[in-house]
There are 2 protein chains.
Amino acid sequence: MVVTILDALIRACNSAYNQTKGIIGTIEAGKEFGIGAGGDITKNLDLVAEKAVIESIRNDKLSPTIIGEESGRIEGDKGFLIIDPVDGTANALRQIPFYCCSLAYAEDFKLSAVTDAVVMDFFSGDTYYASRGKGAFLNKNRISVRRTQDDESLLIGLNISGIPVQTLETLSNLISQSNHIRQFGANALEVSYIARGLLDAYIDFRGKIRATDMAGAYLILKEAGGKIYDMHGSELDSDLGVSTKMSFLATATDRIFERISNPITNRKR
Amino acid sequence: MVVTILDALIRACNSAYNQTKGIIGTIEAGKEFGIGAGGDITKNLDLVAEKAVIESIRNDKLSPTIIGEESGRIEGDKGFLIIDPVDGTANALRQIPFYCCSLAYAEDFKLSAVTDAVVMDFFSGDTYYASRGKGAFLNKNRISVRRTQDDESLLIGLNISGIPVQTLETLSNLISQSNHIRQFGANALEVSYIARGLLDAYIDFRGKIRATDMAGAYLILKEAGGKIYDMHGSELDSDLGVSTKMSFLATATDRIFERISNPITNRKR
């Protein structure tokens, strides 16, 4: 039986899900193991999940170069596997029901070369996935972004945790004009929410996001018809290195990009 | 059989849950019915839930004066029933899994006179409840706030949707110093999350919250050992009128209040 790369990614997420669900919310899950390759404190939960992912991928006879949130870069033969084993670890440790696993496979060392992606909601088990050119899916059902009407108020996800005061200022007009700001605490799942039509936009301008954090959701959103921009309004791209950090703005449609970028751009006028 | 007030509130939440779960996420749920007593646009979902609550309470032979987010004030014989039939309506309409029903019973027309309270998570069915002096519970298990260590980073819930730019500025140092900001979009459930130890604090300084929005969570948090302050750092109290609006800061402990109020207070120094 030939395993497609997408199948292998889904199996790897399932393996991590099964091996972590027993320890979510336990003291064991929160044990600390120094600083991971991505620069955050590695918790036992992250390690267990990343190990499960890597083992599953190798069992499926794939040997990509691994770019892991915890492990860093491990050289392989062909392609790149970008792993955020648990996005939303702080939520998981508190048993707040919003955290996920994010996996992406890229044929070259950049975001735009991602061909396959899975984001699995580790609380509900909901599985978002996409292969380039083939659309985005949630649990085998095709998903697409919401085409919100101009007179509807938007649901806008933000990540402002630890944001510099001056960067927050650039968002303050948008925030003050928005009826529905959200911050659930796991960016890969929040961007997948745009792909599913639950959120209209997501903004992280802190300059802290790495490809490991969002390579999976990046492809899922694009395949669902959404857009991802950098801070200058250009299409987002980046290399996949764990030390490369970026800011981004994801939206369901170009029209929503216009609606939310105006209050940002016009702040100083 | 004698039905306690707390039993009646739980039964009323259950009734609203059963009568709304079939329409969550449907177009039917989002039909608009003008402006409710609380000043927001009333959706069909809110109306169905509020009707179910009121019918259930009357079936249990109680006739309090009703203070409803949608219906406004309906005179009764004894005590006050404060109803937010669906807190997080915008989430419910999009099928974002975070919305609840909030009910409180007060023997007098003020927050501090609330004696019984229920907040039911309408996605999971989790039921938070409390009676004055008898502790707080989640699904029959006693709950209490988390006593976070001083060297642990805090999980802080905010409501900054539509916040005036100047008010956001008063929070900007706190936000820039916090690793984990959250905004799930249903304040009664977020304050209940503090009671359960999932969040450490919740701040809504917009001056828009009414007693209907938080009377239930107010008692649940207090009975779980938490604290609720007004903007001046005094213990929060207020009348229960739907047109009375307030700001508040809820924390698990006095120590957390100190930790988060310093960056707010010291902003201008």
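Residues numbered from 1 in each chain as written. Chains lettered and ligands numbered in written order. Predicted model: local features only at pLDDT ≥ 70, side-chain atom pairs only at ≥ 80, totals over all residues. Heavy atoms only, no water.

### Some details on the overall build of chain A
Which entries qualify depends on this criterion: Strands are runs of DSSP state E lasting at least 2 residues, helices are runs of H or I lasting at least 4, and numbering of each runs from the N terminus. Restricting the calculation to C-alpha atoms gives the radius of gyration, and the globule rule supplies 2.2 Å times the number of residues raised to the power 0.38. Burial here depends on accessible area, computed with a 1.4 Å probe over protein chains only, as a share of the maximum for the residue type. Under 20% is buried, over 50% is exposed, and the range in between is partly exposed. Contacts between residues were defined by any pair of non-hydrogen atoms, one from each residue, lying within 4.5 Å.
From N to C terminus, chain A includes 8 helices and 15 strands. For chain A, whose C-alpha radius of gyration is 18 Å, the value lies close to the compact-globule estimate of 18 Å for 269 residues. For chain A, the C-alpha atoms occupy an extent of roughly 55 × 40 × 30 Å along the three principal directions. Out of the 269 residues in chain A, the part that is buried amounts to 61%. Pairs at least 24 apart in sequence give 63% of the contacts found in chain A among residues at least 6 apart.

### Structural notes on the nonpolar core
This is how the line gets drawn: Buried Ala, Val, Leu, Ile, Met, Phe, Trp, Tyr and Cys residues form a nonpolar core when they are joined through side-chain atoms within 4.5 Å.
Counting residues in hydrophobic clusters, the biggest one holds 137 residues, and the most contacted among them are Ile 203 of chain A together with Ile 203 of chain B. When residues no more than four places from it in sequence are discounted, the contact partners of Ile 203 of chain B are Ile 156, Gly 157, Leu 158, Asn 159, Leu 171, Leu 174, Phe 248, Leu 249, Ile 260 and Ile 264 of chain B.

### Some details on the packing of aromatic side chains
Note the cut-off: Only Phe, Tyr and Trp rings take part, Trp by its six-membered ring, and two of them pair if their centres are within 6.5 Å. Stacked means planes under 30 degrees apart, edge-to-face means over 60, and tilted covers everything else. Placement of a positive charge over a ring is assigned whenever Lys NZ or Arg CZ falls within 6 Å of the ring centre and within 35 degrees of the normal to the ring plane.
Within this structure, the stated rule accounts for 17 aromatic pairs over all chains. A centroid spacing of 5.9 Å and a plane angle of 70° characterise the contact between Phe 184 of chain A and Tyr 193 of chain A, whose relative ring orientation is edge-to-face. Both rings, one in Phe 184 of chain A and one in Phe 184 of chain B, keep their centres 6.0 Å apart while their planes meet at 45°; by these two values the pair is tilted. Taken together, the residues span two chains, with Phe 184 of chain A in the loop between β12 (180–182) and α6 (187–196) and Phe 184 of chain B in the loop between β12 (180–182) and α6 (187–196). Here Phe 184 of chain A matches Phe 184 of chain B in class, with each residue buried. Here a set of aromatic residues connected by ring pairs shows up, and it is made of Phe 98, Phe 184 and Tyr 193 of chain A together with Phe 98, Phe 184 and Tyr 193 of chain B. Arg 73 of chain A extends its terminal NZ or CZ atom over the ring of Phe 109 of chain A, reaching a point 5.1 Å from the ring centre.

### Overview of unusual backbone geometry
The residue Lys 61 of chain A is not glycine, and still its phi comes out positive at about 65°. Summarising the element assignment, Lys 61 of chain A is placed in the loop between α3 (44–59) and β3 (65–68). For Asn 139 of chain B, which is not glycine, the phi torsion reads 50° and is therefore positive. The residue Asn 139 of chain B is located in the loop between β9 (136–138) and β10 (141–143) in this model. Residue Asn 139 of chain B is classed as partly exposed on the basis of its relative accessible area, which comes to 35%.

### Structural notes on the sheet that holds β10 of chain B
Residues and elements named next belong to chain B. Put simply, the rule is: Pairing between two strands requires that DSSP report at least two bridges joining them. In this analysis, axes come from line fits to C-alpha atoms, helices being fitted only over the stretch in contact, and the angle between any two N-to-C directions falls in the range 0 to 180 degrees.
The strand order across the open sheet built from 8 strands is β4-β3-β5-β6-β7-β8-β9-β10, with neighbouring strands paired in mixed fashion. Two strands close off the open sheet at either side, each with one partner strand: β4 (72–74) and β10. Averaged over all pairs of adjacent strands, the angle between their axes in this sheet comes to 20°, without regard to strand direction. As defined by bridge partners, strand β8 (residues 127–131) adjoins β9 across 3 bridges and the pair is classed as antiparallel. Directly across from Ala 130, in β9, lies its bridge partner Ala 136. Contacts between helix α3 (residues 44–59) and the sheet are confined to β3 (65–68), β4, β5 (80–87) and β6 (100–106), with β5 contributing the most and set at about 145° to the helix.

### Observations concerning the relation of the copies chain B and chain A
To keep it simple, the criterion reads: The atoms used to superpose the copies are C-alpha atoms, taken from residues with pLDDT of at least 70 in both, and the fit is least squares.
It takes a turn of 180° to lay chain B on chain A, together with a shift of 0.0 Å along the axis; the resulting RMSD is 0.0 Å. On this basis, the relationship between the two copies can be described by a two-fold rotation axis. The rotation axis passes nearest to the C-alpha of Gln 183 of chain B in chain B, at a distance of 2.3 Å.

### Let's talk about the side chain of Thr 89 of chain B
All names here are of chain B. Note the following rule: Contacts described as polar in this section are N or O atom pairs within 3.5 Å, which, within protein, must combine one atom able to donate a hydrogen with one able to accept it, while residues neighboring in sequence count only if both atoms come from side chains.
Its place among the elements puts Thr 89 in helix α4 (residues 89–94). We classify Thr 89 as buried; its relative accessible area is 16%. For Thr 89, the side chain forms a polar contact with the side chain of Asp 46, separated by 2.7 Å. Dropping the residues within four chain positions of it, Thr 89 is found in contact with Lys 43, Leu 45 and Asp 46.

### Points about the confidence of the model for chain A
This is how the line gets drawn: How sure the predictor is of each residue is captured by pLDDT, a score from 0 to 100.
Here chain A shows a mean pLDDT of 94. Residues at 70 or above account for 98%. The ipTM, which scores confidence in the relative placement of chains, is 0.95 for this predicted complex, and the corresponding pTM is 0.95.

### A few points about the interface of chain B and chain A
Formally: Buried area is calculated as the accessible area (1.4 Å probe) missing from two parts once they are joined, with the contributions of both summed. Criterion for a salt bridge: a side-chain nitrogen of Lys or Arg within 4 Å of a carboxyl oxygen of Asp or Glu.
The partner chain A presents 34 residues to the 34 residues of chain B that form the contact. Here chain B and chain A share an interface that buries about 2800 Å² over both sides, 60% of which is from carbon and sulfur atoms. A per-residue breakdown of the area chain B buries against chain A is headed by Arg 94, Ile 96 and Arg 182 of chain B, which together make up 23% of the total. Inspection of the region where chain B meets chain A yields 2 salt bridges. Here Arg 94 of chain A makes a salt bridge to Asp 200 of chain B, at a shortest N to O gap of 2.8 Å.

### A word on the pattern of salt bridges
All names here are of chain A. Summed over the entire model, instances satisfying the criterion amount to 32 salt bridges over all chains. Among the salt bridges present, the one from Arg 255 reaches Asp 150, with a minimum N-O distance of 3.0 Å. Within this pair, whereas Arg 255 is found in helix α8 (residues 254–265), its partner Asp 150 is found in the loop between β10 (141–143) and β11 (155–158), the two being separated by 105 residues in sequence. Of the residues examined, Arg 255 reaches a relative accessible area of 38% and is grouped as partly exposed. Several salt bridges share partner residues, and in doing so they unite Glu 69, Arg 210 and Asp 213 into one network.

### Notes on the sheet that holds β11 of chain A
Residue and element names in this part refer to chain A. Overall, mixed pairing links the 5 strands, which are arranged β12-β11-β13-β15-β14 in an open sheet. Where the open sheet ends on each side, the last strands, each with one partner, are β12 and β14 (227–229). Strand-to-strand twist in this sheet, taken as the mean axis angle between neighbours without regard to direction, amounts to 20°. Examined bridge by bridge, strand β13 (residues 201–209) and strand β15 (residues 246–251) share 5 bridges and lie antiparallel to one another. In the sheet register, Asp 204 faces β15, and the bridge partner there is Phe 248. Against the sheet, α6 touches β13 and β15, its axis set at about 150° to β13. Those strands touched by helix α7 (residues 211–223) are β13, β14 and β15, and its axis lies near 25° from that of β15.

### Considerations on α3 of chain A
Residues spaced three or four apart along an α-helix point in a common direction, a consequence of the helix completing one turn every 3.6 residues. How we decide: Helix span is expected to be 1.5 Å times the residue number reduced by one.
Its 16 residues place the ends of α3 of chain A 22 Å apart at the C-alpha level, agreeing with the 22 Å of an ideal helix rising 1.5 Å per residue. Just past α3 of chain A, the residue Lys 61 of chain A takes up positive phi, approximately 65°.

### Things to note about the environment of Ile 228 of chain A
Residues and elements named next belong to chain A. Note that Ile 228 resides in strand β14. Overall, the relative accessible area of 2% leaves Ile 228 in the buried class. Excluding anything up to four places from it in sequence, Ile 228 contacts Met 214, Tyr 218, Leu 221, Ser 234, Glu 235, Leu 236, Phe 248, Leu 249 and Ala 250.

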